[in-house]
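# Residue-level structural notes
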Amino acid sequence: MIAVAIITTVAVGTFAFAADAAPWATRELSAGVIGTDTSHVPAFAGLFRSHPEWKIKVVAAFKGGSPDLPASADRIERFATTMREKFQVEFVNSIEELMTKVDVVLLQSVDGRVHLEQVKPVFQAGKRVRETYGVRAKHVTAIPEFGYNEGWQSSFRCVRMV
């Protein structure tokens, strides 16, 4: 019970601080999304909208998705519609086109099999990318090698690995 109270207090304190000016937010950032087949996409857009002090706005997206994976194919249009109607996000036809419209990228595709191919244009454009679902373990060493051996200036953040 005490541990729960301490965690709750710390969490509440953290959220209270988050509403203050964010010292790391030094300029406005346009964010792009790759993969609209997860509820994380509108959740991030809503979170950024509710914290204008973070200076991040999702402005464009590439639907992505995997037709052979029901968890992906069955959800793409639903979350894309939410992003278009609720957050006025522009949809583009390719990841390369997305790179011309954004400063940073959220790689959200549910299917980890496609992440390496999806992240290549992001690295080539030198954009920072946050990847939620994790690339397949066999690709983990390929990503830094791919990005850095080509001399691209990019940043990759993997939240978890599959």
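Residues numbered from 1 in each chain as written. Predicted model: local features only at pLDDT ≥ 70, side-chain atom pairs only at ≥ 80, totals over all residues. Heavy atoms only, no water.

### Quick word on the overall build of the chain
Looking only at helices and strands, one finds 7 helices and 6 strands in the chain. Ordered by position from N to C terminus, the α and β elements of the chain give α-β-α-β-α-α-β-α-β-α-β-α-β. By sequence separation, contacts in the chain at least 24 residues apart represent 77% of the contacts at least 6 residues apart. Within the structure as shown, the chain displays about 9200 Å² of accessible surface, and the carbon and sulfur contribution to it stands at 59%. (Helix = DSSP H or I, 4+ residues; strand = E, 2+ residues; numbered from the N terminus. Contact = heavy atoms within 4.5 Å. Areas by Shrake-Rupley, 256 points an atom, 1.4 Å probe, with all protein chains shown as cover.)

### Overview of the packing of aromatic side chains
Counted according to the given criterion, the structure contains 3 aromatic pairs. Following the ring pairs from residue to residue traces out a cluster consisting of Trp24, Phe44, Phe48 and Trp54. (Phe/Tyr/Trp six-rings, centres within 6.5 Å; stacked < 30°, edge-to-face > 60°.)

### Quick notes on the pairing of strand S2 (residues 56-62)
When you tally the buried positions in S2, you get 5 out of 7 residues, the bulk of the element. Between the parallel pair strand S1 (residues 29-34) and S2, the chain is carried across by helix H2 (residues 40-50), and the sense of this crossover is right-handed. Across 2 bridges, the pairing between S2 and strand S3 (residues 90-91) is parallel. Pairing of Ala60 across the sheet is with Glu90, part of S3. (Buried < 20%, exposed > 50% of the residue type's maximum accessible area, 1.4 Å probe, protein only. Right-handed = clockwise from strand over helix to strand, strands pointing away. Pairing = 2+ DSSP bridges.)

### Quick word on the nonpolar core
Counting 19 residues, the largest nonpolar core has Val33, Phe48, Val58, Met83, Val89, Phe91 and Leu106 as the members making the most contacts within it. At the level of elements, S1, H2, S2, helix H4 (76-87) and strand S4 (104-107) are the ones that each hand at least two residues to this core. Sorting elements by how many residues they give to this core places H2 first, with 4 residues. Excluding residues that lie within four positions of it along the chain, Val58 makes contacts with Ala31, Val33, Ala45, Phe48, Met83, Val89 and Leu106. The next biggest cluster of nonpolar side chains, apart from the first, holds 15 residues, and it includes Val92, Ile95, Leu98 and Leu116. (Core = buried A, V, L, I, M, F, W, Y, C linked by side-chain atoms within 4.5 Å.)

### Quick word on the confidence of the model for the chain
Confidence along the chain averages 77 in pLDDT terms, with 69% of residues attaining 70 or more. For the chain, helix H1 (residues 2-18) is the element with the lowest average pLDDT, namely 32, and S3 is the one with the highest, namely 98. Considering only residues more than four positions removed or in separate chains, one finds that residues 1-18, a stretch of pLDDT under 50, has 3 contacts. The model gives residues 136-162 a pLDDT under 50, and that stretch makes 56 contacts with residues more than four places away or in other chains. (pLDDT = per-residue confidence, 0-100.)

### So, the pairing of S4
With burial as the criterion, each face of S4 is covered, one bearing Val104 and Leu106 and the other bearing Val105 and Leu107. Here S1 runs beside S4; their pairing, made up of 4 bridges, is parallel. Bridging from a neighbouring strand, Ala31 pairs with Val104 of S4. As judged from the 4 bridges shared by S4 and strand S5 (residues 128-131), these two strands associate in the parallel manner. Along S5, the bridge assignment pairs Leu106 with Arg130.

### Section: the environment of Gly112
Within the fold, Gly112 resides in the loop between S4 and helix H6 (115-125). Spatially, the C-alpha atom of Gly112 lies 9.9 Å from that of Glu131, the residues being 19 residues apart in sequence.

### Notes on H6
Within the sequence span of H6, burial applies to His115, Leu116, Gln118, Val119, Pro121, Val122 and Phe123. Gly126 lies just past H6 and shows a positive phi near 75 degrees.

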